[in-house]
Every structure is written in structure tokens, then in C-alpha cells.
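Structural overview
For reference, the chains in residue letters:
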Amino acid sequence: MIRLFDSVHGEVRDLDLRDPGRVSIYSCGPTVDNVPHIGHGRQTLVWDVVRRWLVFRGFDVHFVSNITDIDDKIIARASAESTSVPQVVAKYENEWWTAMTALGAAMPDDTPHATNYVSDMIELIVGLLERDDAYITSDGVYFDVTCVDDYGLLAGQPLDSLRAGARVETNEEKHSPLDFALWKLAKPGEPSWPAPFGDGRPGWHTECVVMSLDLLGDDFDLHTGGLDLKFPHHENERAQAVAAGRPFARHWAHHGWVMVGGEKMSSSLNNFTSLKDLLAKTDARAYRLLVLRSHYRSPIEVTPATTADAERALARLDSLARRFELAPLAGETLEVASDFRWAGIAQDLFDAVAEVLDDDMNTPLAVALLFDAVAAANTAADDGNDDEARTLANAVNALFSGLGLALNSHGGDVDVTSGQLVAQRDAARAAKDWSEADRLRDELVTLGWVVEDSARGTVIRRP
Ligand SMILES: [Zn+2]
């Protein structure tokens, strides 16, 4: 059984699944108005790791993460860059997927775009208006939060105390400062869609509730996002579903932020390091390891010191891979534990790691156990216990692959495909199949590698 901290209940709980063996997950994706920063990288890695671990444990996972491609910030960016909204969306969505792929994150099963769901959103809003759960003002349609008895469930506060703490509302037409826009009427020149209540665009909270229910169905298993999304974004998604009579997420989980000098890293604070800049000088696997070494709910600081420390730790893993000639695993394909042979000490390691990961994804403890196993494998090899050493090394490789981290025996930033070509070339050379070895060398050269032969086999590096 997998357990996760449930933000509604404030405690670690069993994941009580709608359909046994299957896990449906909706993870709030980006608004594509800027380049992704390392906080977005952490967000993607945290849920990539949770997804991979569930698959590794044998669950059939349906993972959905959206793209918000219409939003005030996108309109503002188009104006600032003197370009159009579709061009801003195309540019920054491309930046997003390029960075996330470089990070080694597997693509979601579905990546719904808000603008493809506008008619469904209008349908939802029409229903809410018919039931008097929403009202029309001169600038749009608003949701009346008093229509939901347990509004404040995710905030962890009842409506009265939320209201007392709310900002003073400047929009006098709103019934309550907590009421939120379902639909914003378009100003001249803004992108808009026709609707019975006036041409305009959907509110952000309406996008996610519609897309998650459409792709995952009522009563889906897990809704995730950053801590800052718990309230009001997730509260308001849920409020609409409740008002519409649609059972919503069974569980809610939220991740901590990347911090900069005590502040959350964010695009709006302009205190961010872009992922592209980080990955230009840091192995993406080191960043994954850095993320794994903190609990997903804790804040992390990404500094030159913590990054260098993660790179040193990664070097220990790669040196294990070199010593035991481990083939790199993990990539776009999600690994399944049953594909590996677990027995004896490998089984013991698997059980120990699974126990801490199944209990609210305690990745720091899991990584510590795996590094203990690395040390034990090296010691066993030093002592001539080759079988034990190799068994442990293979188990470490398989378990890290389950978390999306591919060990490589060639040093540097070698992708899985190139690593496999190197392994095939070494096998061809061992079999004295020189023409095949030459063919594989050419293939690596085509991929931009300098290929050299060394005592331990093929070595590749960037020119
Ligand atoms: Zn969302």
C-alpha cells in the first residue's frame, strides 16, 4: 500500500484508490508565459518520481498535466514582447518541454491545453449560473463561495475566518472578496471566445477542474501541485466540482518550493535561475539527485554548494557503474520492478527502499539506503566477493532507474540511447565483430560524440 501526506486531512494516509491497481493523477502544469526555472524543475521531478515509483510498484498510472495557454500573464507578455498570444504560447511551451525533457522527466500521458476545453468550461459555467452558484457582473462571471458548505477545506480554515483575513476587495460588484472569476469578459484587442454571458476567456480555476474531470473522470485519485496552489487555486477547483455535483479528487498532495535566501523562487519575484542555465553547467541527473535527497514536502535551497555536493554523489554512482559495467536504465520508458530479478540481498535492499518510499515518498532515506548499498558493493568487490558485489550493484542500478536516475559508466552527461550504443559497441568488440563496432562508432559520431578506445572499453565525450 502506498501512503501519502493528504493536505486535506493533514496526515499521511493510505492512497485509497477508485479502481484497485490503477492511479489517476492530475498535476497542475505551467502557465506558458516565461522560461521555466529550477523551481518548475523541482515540481516536475517530484511528481515524475512519484509517478515512476507507482509504476515501478506495478500500478497502472494515468498521469495528466496541463498547459495553461490563455491567461492574463500571457496577454501581458505578448504585449511586452510586441507579439501575439499564440506566439508567446508556442515559444514558452517549447521552452518548457525542451527543459523538462533535458531534465529526464517522462512526458505526461495527457497534456491538455486550456484553449481546447473552452466549450466544456462554458457548459460548466452555464450550469453554475442556472443553479445560482455564480453571478454575472460588468466584467465577467463569478463563483459565489457561500454555495459550498465546506469551502475552506483545503485552506484548513472555515469560510468566516477566510473572509476575515481576505484582502479588501476593490471590485464592488463582487458579493465577497473570496468569490472568484469563472469567466473574464474580453477588453478590446484581447483574445476571446463567444459565450452566452459575453465574449471572453475562462478563469484559471475553471480550466483545471474541467480538464481533470474530462480526462480522469469523477472521483479521480490524486490531485497535486505546489503548496501555493492549495489555496485558492485547488480550493476553487474543488468548489466548482462540488457545486456541479461532481465528486472530485480523493487525495490532495502538495510539494515544497525551491527557496532563494528565504523567499520562494518565482517568476513574479524575478529571483529565479532558469532551468536552461542550471542544465548548461550541471548534469540533469545531479539535479534529480539533489531533489531526491530532500523530502518532497520540504523547501530546498539550490546553491552552488548543494549542486556540487549532488554532483560528487552522482560521481560515486557513476564510478560504481564503471566498476561493474552497469548498463544505464531509465529514460522516457518507465521501469517496472518485476522486470528485475530480486533475490537474497537484492530483495532485502528492495524491501528496505520500498518500505520508506511507500511511506510518503521518503526519498532522502531511500537514497541513503542506496548509498549504503553502493559502499557495501564496493567493499564486497574489494574483498573478492564478486557475486555479492554484482548483485548489490545491479539492485542499486535498478532501484535508481525506478526513480528515473540512470547510472552511466561512461562519465559525463551521456543519454540512455548513447549509453546503450557504447555497451553494444563494447559487446561487438569483445566478439571481434569489427564491422559492427565500426558501424556503432559511426552512429555515436553522428550523435555528436568523440569516440575513443580505452582499457575499459569505449569512452565517449563531447568535442
Ligand atoms: Zn491547476
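Residues numbered from 1 in each chain as written. Predicted model: local features only at pLDDT ≥ 70, side-chain atom pairs only at ≥ 80, totals over all residues.

A word on the overall build of the chain. Scanning the chain from N- to C-terminus turns up 15 helices and 15 strands. Taking 23 Å as the expected radius of gyration for a compact globule of 463 residues, we find that the chain reaches 25 Å, a close match to that expectation. Along the first, second and third principal axes, the C-alpha atoms of the chain reach 80 × 45 × 40 Å. Looking at the chain as a whole, 44% of its 463 residues qualify as buried. For the chain, the share of sequence-separated contacts (at least 6 apart) that also reach a separation of at least 24 residues comes to 73%. (Helix = DSSP H or I, 4+ residues; strand = E, 2+ residues; numbered from the N terminus. Rg over C-alpha atoms; globule rule 2.2 N^0.38 Å. Buried ≥ 20, exposed ≤ 12 C-beta atoms within 10 Å, placed from the backbone. Contact = placed C-beta atoms within 7 Å.)

Spatially, 4 strands are ordered β5-β6-β7-β8 in an open sheet, and the strand pairing comes out antiparallel. Of all the strands in the sheet, the pair left with one neighbour each is β5 (134-136) and β8 (200-202). Between one strand and the next, the sheet's axes are offset by a mean angle of 20 degrees, whatever the strand orientation. The pairing of strand β7 (residues 180-185) with β8 spans 3 bridges and is classified as antiparallel. Each residue of the ladder has a partner; that of Lys184, found in β8, is Arg201. (Pairing = 2+ DSSP bridges. Axes fitted to C-alpha atoms, helices over the stretch in contact; angles between N-to-C directions.)

A general tendency of soluble globular proteins is for nonpolar side chains to be buried together. Counting 116 residues, the largest nonpolar core has Ile125, Leu182, Leu320, Leu370 and Val396 as its most contacted members. Looking at this core, the element that brings in the most residues is helix α1 (residues 38-56), giving 10 residues. Looking at which domains feed residues into this core, each of domain 1 (3-260) and domain 2 (282-402) gives three or more. Setting aside residues no more than four positions away along its own chain, Ile125 makes contact with Ala134, Val141, Leu182, Trp183 and Thr206. (Core = buried A, V, L, I, M, F, W, Y, C linked by C-beta atoms within 7 Å. Domains from an automatic or database assignment.)

Taken across its 6 residues, strand β3 (residues 22-27) has 5 buried, putting it largely inside the fold. Bridge analysis of β3 against strand β4 (residues 60-65) gives 6 bridges, and the strand direction is parallel. Paired with Arg22 across the two strands is Asp60, which belongs to β4. In the classification by handedness, the crossover that spans β3, the intervening α1 and the parallel β4 is right-handed. Pairing of β3 with strand β9 (residues 222-226), which is carried by 3 bridges, proceeds in the parallel orientation. (Right-handed = clockwise from strand over helix to strand, strands pointing away.)

With 20 residues, helix α10 (residues 304-323) should cover 28 Å at 1.5 Å per step; its first-to-last C-alpha distance of 28 Å lies within 8% of that length. Taken together, the buried positions of α10 are occupied by Ala310, Leu314, Leu317, Asp318, Leu320 and Ala321. Each buried residue of α10 sits inside an arc of 150 degrees when the element is viewed along its axis, so together they form one side. Of the exposed residues in α10, the ones pointing more than 90 degrees away from its buried face are Pro304, Ala305 and Arg312. (Expected span 1.5 Å × (residues − 1). Arc of directions from axis to C-beta.)

Domain annotation of the chain identifies domain 1 (3-260), domain 2 (282-402) and domain 3 (416-461). Here the C-alpha centroids of domain 2 and domain 3 sit 26 Å apart. Counting residues at the interface gives 5 residues for domain 2, matched by 5 residues for domain 3.

So, on to the sheet that holds strand β13 (residues 300-301). Strands sit in the order β12-β11-β13 across an open sheet of 3 strands; the sheet is mixed. Among the strands making up the open sheet, the edge pair consists of β12 (263-264) and β13. Of the pairings in the sheet, the one linking strand β11 (residues 258-260) to β12 comprises 2 bridges and is antiparallel in character. In the sheet register, Val260 faces β12, and the bridge partner there is Glu263.

What follows deals with the packing of helix α11 (residues 344-358) against helix α13 (residues 386-402). Where α11 meets α13, the axes come as close as 8 Å, and the angle between the chain directions of the two elements is 30 degrees. Where α11 crosses over α13, the handedness of that crossing is right-handed. Contact with α11, carried on its side by Gly344, Ile345, Ala346, Leu349, Phe350 and Val353, involves Glu388, Thr391, Leu392, Asn394, Ala395 and Leu399 of α13 and no other residues of that element. Partitioned by chemical class, the residues of the contact of α11 with α13 number 8 nonpolar, 3 polar and 1 charged. (Left-handed = near helix turned anticlockwise from the far one by under 90°. Nonpolar A, V, L, I, M, F, W, Y, C, P; charged D, E, K, R; others polar.)

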